[in-house]
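# Remarks on the overall topology
Here are the chains, one letter per residue:
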Amino acid sequence: MNLFRKKSIQALIQDAGQKDVVLKKDLGAFDLSMLGIGAIIGTGIFVLTGVAAAEHAGPALILSFILSGLACVFAALCYAEFASTVPVSGSAYTYSYATFGEIIAWILGWDLILEYGLASSAVASGWSGYLQGLLAGFGIHFPKALTSAYNPANGTFIDVPAILIVLIITFLLTQGVKKSARFNTIMVIIKLAVVVLFIAVGAWYVKPSNWTPFMPFGFSGVTAGAATVFFAYIGFDAVSTAAEEVKNPQKNMPIGIIASLLVCTVLYIIVSGILTGIVPYHELGVKNPVAFALNYIHQDWVAGFISLGAIAGITTVLLVMLYGQSRLFYAISRDGLLPKVFSKVDKKKQTPMVNSWITCLLVSIFAGLIPLNKLAELTNIGTLFAFMTVSVGILYLRKNKQAPKTGFRVPFVPYIPILAFVFCGYLALQLPKTTWISFGVWLVIGLIVYFGYGRKHSTLNKNAVQVKKAS
């Protein structure tokens, strides 16, 4: 039964302040909202919209975004309560430690490592595609072998631009959370301006005839599209990893999570409607669909701005994903389930320096070698699994009366957590069988790591051994 040993909410909060060097509390509600928008608007809007329209939903991509958005709104409310109740790094991993116990927390933490790691890799791959498109406009081309993931049939072996951007962003993250947040805010303002520019220009070129047939792949296509574009929404989950670096987490965490999600959902729906109204859906299966749409209507000058904005936008997504991954490693390591090197904090910068560079190495390998579509599918299943667990966790908190009366609380319990679980579960079932198999293999590897290392080195296990010796 010690597999299900728990850390109380009070113990989690106390542990966060007991290290010699702790993470610096530097973020407010605006910083968190910008982090959320920075993570949500990027690859989803600039890259995956085209593939989802061409292969799954057609013009009904709008419905796919609404379906995914609903699932995320319900899940976001659950995250907001946990983030307010347990203002500690680690996101769903930490919440599970307080509600379900160590083995479930480890499984979820291992799942989130997959989510953030592969999301970072997928985002770096999308960034590479836009950069190459922009440079090609100036007649600059990388050698083909260095332009994309390993695919000998296509003549590509490694995605060098993707690896370079991961290195640059990691360097920025190691300079301190406030500098990273300031850079993120500037990039977010640029990309929001670019999205508004696309809407303002593209709206005049919409042909309603392109929306017919509206649902060419049927409702199953809409749900498959929703499962694919779900990747676009995972940013608010990364916001919750910042809890330990927030000035007033009980108040600011819910604001940052919910505000960023609402802004982005509205923009996604508008952009997907305009995109499929400009270009026939079957022509949108490209790496840079928004810029492609503007070239399609001969607005090449705007397309140039869009490529710049996309690069800025995708850069912020990568920044937040890498940030989330490093803070997750930090939280798991502090609990003893991963080696202590991951929770070592630099005294001067007050950031987990070594951890950040290890994350950089792992993400670079995946970004350089694995194709974008495989990365996105695996990220989606990891995210959906996390959302479902957090939704059930709220029911558990309320049933056991663990949640304090202060801070944000999910309204209409148990209905909203149940809806979050059902929506996310339904979307997970729409993912391909191969994705489920790969996810199962990843979880098995995680259990091997836990029983081989984590269970023995867990701080809860060490405390139990000390108590046993003392008695």
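See the structure above.
Small disclaimer: the values here were computed from a predicted structure and weren't measured.

### Here's the deal with helix H13 (residues 300-334)
- With 35 residues, H13 should cover 51 Å at 1.5 Å per step; its first-to-last C-alpha distance of 51 Å lies within 8% of that length.
- Burial analysis of H13 places 30 of its 35 residues in the buried class, the great majority of the element.
- In the stretch just after H13, Gly336 is the one whose phi turns positive, near 90 degrees.

### With respect to the packing of aromatic side chains
- Applying the stated criterion across every chain yields a total of 15 aromatic pairs.
- Ring centres of Phe329 and Phe342 lie 4.8 Å apart, and the angle between their planes is 40 degrees; this geometry places the pair in the tilted category. Highlighted residues: Phe329 in helix H13 and Phe342 in the loop between H13 and helix H14 (353-369), separated in sequence by 13 residues. A single burial state applies to Phe329 and to Phe342, both of which are buried.
- Taking NZ or CZ as reference, Lys7 lies 5.9 Å from the ring centre of Tyr97, over its face.

### Side note on the nonpolar core
- Counting 140 residues, the largest nonpolar core has Leu27, Phe46, Tyr79, Tyr93, Tyr130, Phe198 and Phe236 as its most contacted members.
- Among the elements that line this core, the one with the most residues is helix H6 (residues 102-136), at 18 residues.

### Looking at the environment of Val320
- Note on placement: Val320 falls in helix H13.
- Taking the C-alpha atoms as reference points, Val320 and Ile37, separated by 283 residues in sequence, lie 9.8 Å from one another.
- Among all residues touching Val320, those that are not within four sequence positions of it are Leu35, Gly38, Ala39, Asn184 and Ala238.

### Re the packing of helix H4 (residues 61-85) against helix H9 (residues 218-229)
- Relative orientation of the contacting elements H4 and H9 amounts to 60 degrees, with a least axis distance of 8 Å. Taken together, the axis directions place H4 and H9 in an arrangement best described as oblique. Where H4 crosses over H9, the handedness of that crossing is right-handed. Contact residues: H4 offers Leu61, Leu63, Ser64, Phe65, Leu67 and Ser68, while H9 offers Val222, Thr223, Gly225, Ala226 and Val229.
- Counted by class, the contact of H4 with H9 contains seven nonpolar, four polar and no charged residues.

### A word on unusual backbone geometry
- At the junction of Thr212 and Pro213, the peptide bond is cis and its omega measures out at -5 degrees in the coordinates.
- With respect to the element layout, Pro213 can be found in the loop between helix H8 (177-202) and H9.
- In this model, Val413 is joined to Pro414 through a cis peptide bond whose omega is 10 degrees.
- Take Pro414: it is sitting in the loop between helix H15 (372-399) and helix H16 (415-429).
- Positive phi outside glycine occurs at Gln350, with the angle close to 55 degrees.
- Structurally, Gln350 is set in the loop between H13 and H14.

Rules and cut-offs
- Residues numbered from 1 in each chain as written.
- Predicted model: local features only at pLDDT ≥ 70, side-chain atom pairs only at ≥ 80, totals over all residues.
- Heavy atoms only, no water.
- Helix = DSSP H or I, 4+ residues; strand = E, 2+ residues; numbered from the N terminus.
- Expected span 1.5 Å × (residues − 1).
- Buried < 20%, exposed > 50% of the residue type's maximum accessible area, 1.4 Å probe, protein only.
- Phe/Tyr/Trp six-rings, centres within 6.5 Å; stacked < 30°, edge-to-face > 60°.
- Lys NZ or Arg CZ within 6 Å of the ring centre and 35° of its normal.
- Core = buried A, V, L, I, M, F, W, Y, C linked by side-chain atoms within 4.5 Å.
- Contact = heavy atoms within 4.5 Å.
- Axes fitted to C-alpha atoms, helices over the stretch in contact; angles between N-to-C directions.
- Parallel < 35°, antiparallel > 145°, perpendicular 65-115°, else oblique.
- Left-handed = near helix turned anticlockwise from the far one by under 90°.
- Nonpolar A, V, L, I, M, F, W, Y, C, P; charged D, E, K, R; others polar.

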